[in-house]
Amino acid sequence: MCLLALVAVGCGRGRERAGSAPSTITVFYFEEAAFSPSWDMPAKFLVFLPLVARNAEGELESRLAERWERSPDYRDWTVHLRRDVRWHDGVPVTAHDVKFTLDLLSHPAVLKVPPGAFSLTVLDDSTYRITCHKQAKGSPLDGWTVYYPKHLLEKLDPRDFYQWNFWTRPVGNGPYRYLRRLTGSMTELEANRDYYRGKPRIERVVLKYGQLSVTEILSGNVDVLPYVPSMDLLKIEGDPRFRVYSYVGPVVTEFRIPKAILWNQRHPPLRDARVRRALTLAINRRELHQALNLPEEMPITDVPYTAGQFRRGEIPDPLPYDPEQAKRLLEEAGWRDTDGDGWRDRNGQPFRFTLRTTAAEGDDKPALYIQAQLRRVGIQVDIQSLNDAAAHDERVRDGDFEAAIFRRFPGGRFGPIKYFGKDSPIGYHNPQLVALLEHAQRTIDPDEVDRLYRETWPIFQADQPMTFHPVPGMSTVAHRRVRGLSGPCQADPTECMEELWLEDRSDR
């Protein structure tokens, strides 16, 4: 997966007025298993602490880790934990909890972390030394991994890890404590009065479960609606009751490819790099960006990039929209309109291909736009749209397509790198690119990872094995009384609830 911030937050942590009713915020949540150990459940940050977190500017801040020292190559770390953090049952959080968690996550029955990724030695209750053997979640600068209480979980069977009752009634160490749960309906949390950063200003958090719908916030059922697709924002556009905060850029630093149009080079017209460059030049991606109602901050790119490169604004400029240059390149490659019918051909064969997509995620809309854009430069595009997204993905991974809009690149050891190797489903093989990306996957030093990515950029720009186009964005819609949210780094309220506050209810 990058994939998701706060406006000015108050400098101090104001207290609720004496005698006032507890302030409560209701947040729609997409999954009832909100505190499960899945990596993509940001609600966990309401209850559990990571070692570090990123603030509204994308800069690292201490959480469970108070400070650390590291070797120049980022492999050896000594981490000093805060001594004033307690589990919600009052037991101090220690380095033994960190070791227990990483051992648990790498257990063969769990495998959330690759076995052998770390060697960890507890030096004392608040200090441990860790050696990172490979790039993996759970590293000292990983702001996504949270840690669990050894004293409550060490006797449980890891083979039942995903079914533990602990995930529905968690005991954490974060800003909010579990209060109660109504199966299928909601979970209620209360502010942790003993939280080391001070009691949060919002006293109660209710996670309401259900079917994602803008109606939930329009009707007043929730105060905050995260993960709203960009096109659904049109339903609330101009409504003064709400503010919108957009997620932009990658959400993790591991290798990700933006959404892309894959050009299968097994299809003869698409083998020529000049042709693939022409196809990219012929598509007005900025206009497509606007048509999909995406935030202006969302980058258009021709290369993959790390989260750090995004935050620092280091992504190279993409190819422009230039249909005249596209026509010249197509002419150079031998594709001309020889019979005056408006369509390009070569050696009696028309330049025509099928663009495979899926209607399940709204990808039929950009497909129609791409079809119209390429028609202007004389290329015929037929659209094949499947309602079954899984079937679409499977066909693409099997190479059963000529061109395809695709986002679900495979997981596994190197994930999307397989699209550039010997058995690539797009018929593209570049050993240099594969070597650079594999090296980046094994590298722990983030500066070195950034350097390796920069080395891939000329290859992507020259070969154009795929045309990146904007991923349909997600945004948070919040009632205007909810204050402290901003974009693009902290638009999810469950990741930054301790920084939020509510204005007077009278304006609701």
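Everything below is about the structure shown above.
Remember, predicted model here, so these are calculated numbers, not experimental data.

(A) How the structure looks around the pairing of strand β10 (residues 204–209). Here strand β1 (residues 24–29) runs beside β10; their pairing, made up of six bridges, is parallel. From the neighbouring strand, F28 faces β10, where its bridge partner is K208. Judged from the five bridges that link them, strand β9 (residues 186–191) and β10 form a sheet pairing that is antiparallel. Its bridge partner lying in β10, E188 is registered against V206.

(B) The arrangement of the packing of helix α5 (residues 273–281) against helix α8 (residues 323–332) in detail. One can describe the packing of α5 onto α8 by two numbers: an axis separation of 8 Å at closest approach and a directional angle of 160°. On the basis of the axis angle, α5 is roughly antiparallel to α8. Crossing geometry of α5 relative to α8 is assigned as left-handed. Where α5 abuts α8, its residues R274, V275, R277, A278 and L281 lie against P323, Q325, A326, L329, L330 and E332. Here the residues of the contact of α5 with α8 sort into seven nonpolar, one polar and three charged.

(C) Molecular detail of the sheet that holds strand β19 (residues 466–468). The sheet built from five strands is open, its strands ordered β17-β16-β18-β13-β19 with mixed pairing. Two strands bound the open sheet, and with one partner strand each, they are β17 (380–386) and β19. Direction aside, the axes of adjacent strands within the sheet are offset by 20° on average. Here strand β13 (residues 260–263) pairs with β19 via three bridges, running antiparallel. Paired with L262 across the two strands is M466, which belongs to β19. Sitting on the sheet, helix α10 (residues 389–397) touches β13, β16 (352–358), β17 and β18 (403–406), and the angle it makes with β18 is about 125°.

(D) Local environment of helix α9 (residues 364–375). The terminal C-alpha atoms of α9, which comprises 12 residues, lie 17 Å apart, in line with the 16 Å expected from a rise of 1.5 Å per residue. If you check which residues of α9 are buried, you get P366, A367, Y369, I370, Q371, Q373 and L374. Buried residues in α9 make contact with β13, α5, α6 (285–291), β16, β17 and β18.

(E) Fine view of the sheet that holds strand β6 (residues 118–124). Reading across from one edge, β4-β5-β7-β6 is the order of the four strands in this open sheet, with antiparallel pairing throughout. Looking at the sheet topology across the chains shown, the edges are occupied by β4 (65–70) and β6. Within this sheet the neighbouring strands show an average axis-to-axis angle of 20°, counted without direction. Pairing analysis gives five bridges linking β4 to strand β5 (residues 76–81), with the strands arranged antiparallel. Across the sheet, residue R70 finds its bridge partner in β5, namely W77. Across the sheet, helix α2 (residues 95–105) is in contact with β5, β6 and β7 (127–132); its angle to β6 comes to roughly 160°.

Reading the values: the criteria
Residues numbered from 1 in each chain as written. Predicted model: local features only at pLDDT ≥ 70, side-chain atom pairs only at ≥ 80, totals over all residues. Heavy atoms only, no water. Pairing = 2+ DSSP bridges. Helix = DSSP H or I, 4+ residues; strand = E, 2+ residues; numbered from the N terminus. Axes fitted to C-alpha atoms, helices over the stretch in contact; angles between N-to-C directions. Parallel < 35°, antiparallel > 145°, perpendicular 65-115°, else oblique. Left-handed = near helix turned anticlockwise from the far one by under 90°. Contact = heavy atoms within 4.5 Å. Nonpolar A, V, L, I, M, F, W, Y, C, P; charged D, E, K, R; others polar. Expected span 1.5 Å × (residues − 1). Buried < 20%, exposed > 50% of the residue type's maximum accessible area, 1.4 Å probe, protein only.

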